[in-house]
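Observations on the three-dimensional arrangement
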Amino acid sequence: MPGLFQKFKAALAKTGDKLSHELKRIVTRSPRLTGESLDELEAALLGADLGTAMTAQIVAAVKRAFESQGKSGLDVFEIASREVSQSLAAVSPGLRKNPAGLTVVSIVGVNGTGKTTTTAKLAHLLTSQKQPAVLAACDTFRAAAIDQLKLWGTRLHVPVVAGAYGADPAAVAHDAIAAALAAKAAYLLVDTAGRMHTKHNLMQELQKIHRVMGRQLAGAPHETLLVLDATTGMNALSQAREFHKSVPLTGLVVTKLDGTSKGGVIVAIQKELGIPIKFVGLGEQPDDLQPFDAQDFARALFEIRET
Ligand SMILES: Nc1nc2c(ncn2[C@@H]2O[C@H](COP(=O)(O)OP(=O)(O)OP(=O)(O)O)[C@@H](O)[C@H]2O)c(=O)[nH]1
Ligand SMILES: [Mg+2]
């Protein structure tokens, strides 16, 4: 998908510019690939939050290439891009579909990562594919959270099921499944409240929401997406590990890639957790949610840029 590559490239401007600048400096300055320049390469890759495992793999590949062919024709950008794309699951597996009917998608994560926006963007994506969606406002905790989702519903012409502020989110989820079934919707997208992965009672509340939905509809939630904010860098890893212990995650969404120079964190997350990244958020508009494609992502990350 050529369009996707351009979108990744634009969204990864900050990460890519910084990496490109540093790699060019390392490669052109040193006539030989010394131990020192390999250390600098390592620092640059770690600085983009590619993670220790991926960084070590790239540095080793560069070293091998240098030992076998020397500096002439040594293309660090090409090698890094190849190593990254080979390490990631090739193409996003997309959203799961319940063959028996309604597919319930639970959207979870810590505060402010972009859950509500992602829920809205997903509804937009699904309705544009003629898959009718219903939204469930299960963040009954944060002031204005319900209104925020309702506003998206109005803007996107998607029905929203909500309760009162302070209501039990599991009860709202229950009502929403009933409404989505009655409306013969293809998807129910459940927007949940932000919660710290370290707060035991809040994680139990999430488990309860999932339990109630599972009792009402076999297999629900069929998809549990953890929304991670790319600007938090490596912190996203511990969030993912803790959430995965409480509610089994089926996929990840990494948002705000457009606002960070640490976009490499995508690579670290997927490599270390083995949970597929299904979508990435590249901005605040409904169209800014894109399916993840490892090859396009790796190429965009290590594109040589004019800086
Ligand atoms: N630049 C950018 N901003 C984003 C993206 N996704 C979400 N945002 C912004 O991040 C802010 C928080 O988004 P929300 O969707 O409200 O986050 P949330 O996880 O629902 O927050 P809580 O419900 O409070 O936990 C908003 O200003 C969004 O517009 C993205 O991919 N790129
Ligand atoms: Mg929210």
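Refer to the structure presented above.
Below: a short report on this structure. (Residues numbered from 1 in each chain as written. Chains lettered and ligands numbered in written order. Predicted model: local features only at pLDDT ≥ 70, side-chain atom pairs only at ≥ 80, totals over all residues. Heavy atoms only, no water.)

In this section: the pairing of strand β2 (residues 133-138). Among the six residues in β2, six count as buried, and that is most of the element. By the alternation rule, side chains of β2 split into A133, L135 and A137 and V134, A136 and C138, which are all buried. Pairing of β2 with strand β4 (residues 187-192) involves six bridges; the strand directions are parallel. The residue bridging A133 from the neighbouring strand is Y187, located in β4. Inspection of the sheet shows β2 paired to strand β3 (residues 160-162) by three bridges, in the parallel sense. From the neighbouring strand, A136 faces β3, where its bridge partner is V161. With respect to chirality, the unit in which β2 leads through helix α7 (residues 145-156) into the neighbouring parallel β3 is right-handed. (Buried < 20%, exposed > 50% of the residue type's maximum accessible area, 1.4 Å probe, protein only. Helix = DSSP H or I, 4+ residues; strand = E, 2+ residues; numbered from the N terminus. Pairing = 2+ DSSP bridges. Right-handed = clockwise from strand over helix to strand, strands pointing away.)

Compared with the 26 Å implied by 1.5 Å per residue over 18 residues, the 26 Å span of helix α4 (residues 52-69) between its first and last C-alpha is a close match. Listing the buried residues of α4 in full gives M54, T55, I58, V59, A61, V62, A65 and F66. In an axial view of α4, the angular spread of the buried residues amounts to 160°, which keeps them on one side of the axis. Turned more than 90 degrees off the buried face of α4, the exposed positions are T52, R64, E67 and S68. Backbone geometry just downstream of α4 places G70 in the positive-phi region, at approximately 75°. (Expected span 1.5 Å × (residues − 1). Arc of directions from axis to C-beta.)

Moving on: the site of ligand 1. Around ligand 1 lies a shell of 19 residues, among which K115, T116, T117, D258 and E284 are the nearest. Within the backbone of T113, a nitrogen or oxygen atom sits 3.1 Å from an oxygen atom of ligand 1. With respect to ligand 1, the backbone of G281 contributes an N or O atom lying 3.2 Å from an oxygen atom. Considering ligand 1 on its own, with 660 Å² of exposed area, one finds that the protein chains cover 80% of that surface. At four residues, helix α6 (residues 115-128) tops the list of elements feeding residues into the shell around ligand 1. In the shell around ligand 1, the residues fall into one nonpolar, 11 polar and seven charged. (Near = heavy atom within 4 Å. Polar contact = N/O pair within 3.5 Å; in protein donor to acceptor, adjacent residues only side chain to side chain. Areas by Shrake-Rupley, 256 points an atom, 1.4 Å probe, with all protein chains shown as cover. Nonpolar A, V, L, I, M, F, W, Y, C, P; charged D, E, K, R; others polar.)

Take the environment of K150 next. Residue placement: K150 occurs in helix α7. Relative accessible area serves as the criterion here: at 40%, K150 is assigned to the partly exposed category. Remark: the alpha-carbon pair of K150 and V161, spanning 11 residues in sequence, is separated by 8.6 Å. Residue contacts for K150: discarding those within four places in its chain leaves V160 and A162. (Contact = heavy atoms within 4.5 Å.)

One pass over the structure, following the stated rule, counts 11 salt bridges. The residue D17 makes a salt bridge to R305 at a minimum N-O spacing of 3.8 Å. Pair noted here: D17 is in helix α2 (residues 13-29) and R305 is in the segment after α12 (294-301), with a separation of 288 residues, a long-range link. You can call D17 partly exposed: its relative accessible area is 29%. Taking the shortest distance from any N to any O, the salt bridge between R195 and E205 comes out at 2.8 Å. Here R195 is found in the loop between β4 and α9 (200-216), whereas its partner E205 is found in helix α9, with 10 residues between them in sequence. Residue classification places R195 among the buried residues on the basis of a relative accessible area of 1%. For E205, a relative accessible area of 30% puts it in the partly exposed group. (Salt bridge = Lys/Arg side-chain N within 4 Å of Asp/Glu carboxyl O.)

Moving on, we get to the side chain of T192. With respect to the helices, strands and loops of the structure, T192 is situated in strand β4. There is a polar contact of 2.6 Å between the side chain of T192 and the backbone oxygen of I107. Every residue in contact with T192, bar those within four places of it in the chain, is listed here: S106, I107, V108, K115, C138, D139 and L206.

Enumeration over the complete set of coordinates arrives at three aromatic pairs. Note on F292 and F297: the rings are 5.3 Å apart at their centroids and 55° apart in plane angle, and the pair reads as tilted. Accessibility classification places F292 together with F297 in one group, the buried group. A network of ring pairs unites the aromatic residues F8, F292 and F297 as a single cluster. Lying across the ring of Y187, K97 places its NZ or CZ 5.2 Å from the centre. R299 extends its terminal NZ or CZ atom over the ring of F5, reaching a point 4.1 Å from the ring centre. (Phe/Tyr/Trp six-rings, centres within 6.5 Å; stacked < 30°, edge-to-face > 60°. Lys NZ or Arg CZ within 6 Å of the ring centre and 35° of its normal.)

Structurally, the position occupied by D293 is in the loop between β8 (289-291) and α12. Overall, D293 belongs to the buried group, its relative accessible area being 17%. Spatially, the C-alpha atoms of D293 and L4 are 8.1 Å apart, while their sequence positions differ by 289 residues. At a separation of 2.9 Å, a polar atom in the side chain of D293 contacts the main-chain amide nitrogen of D296.

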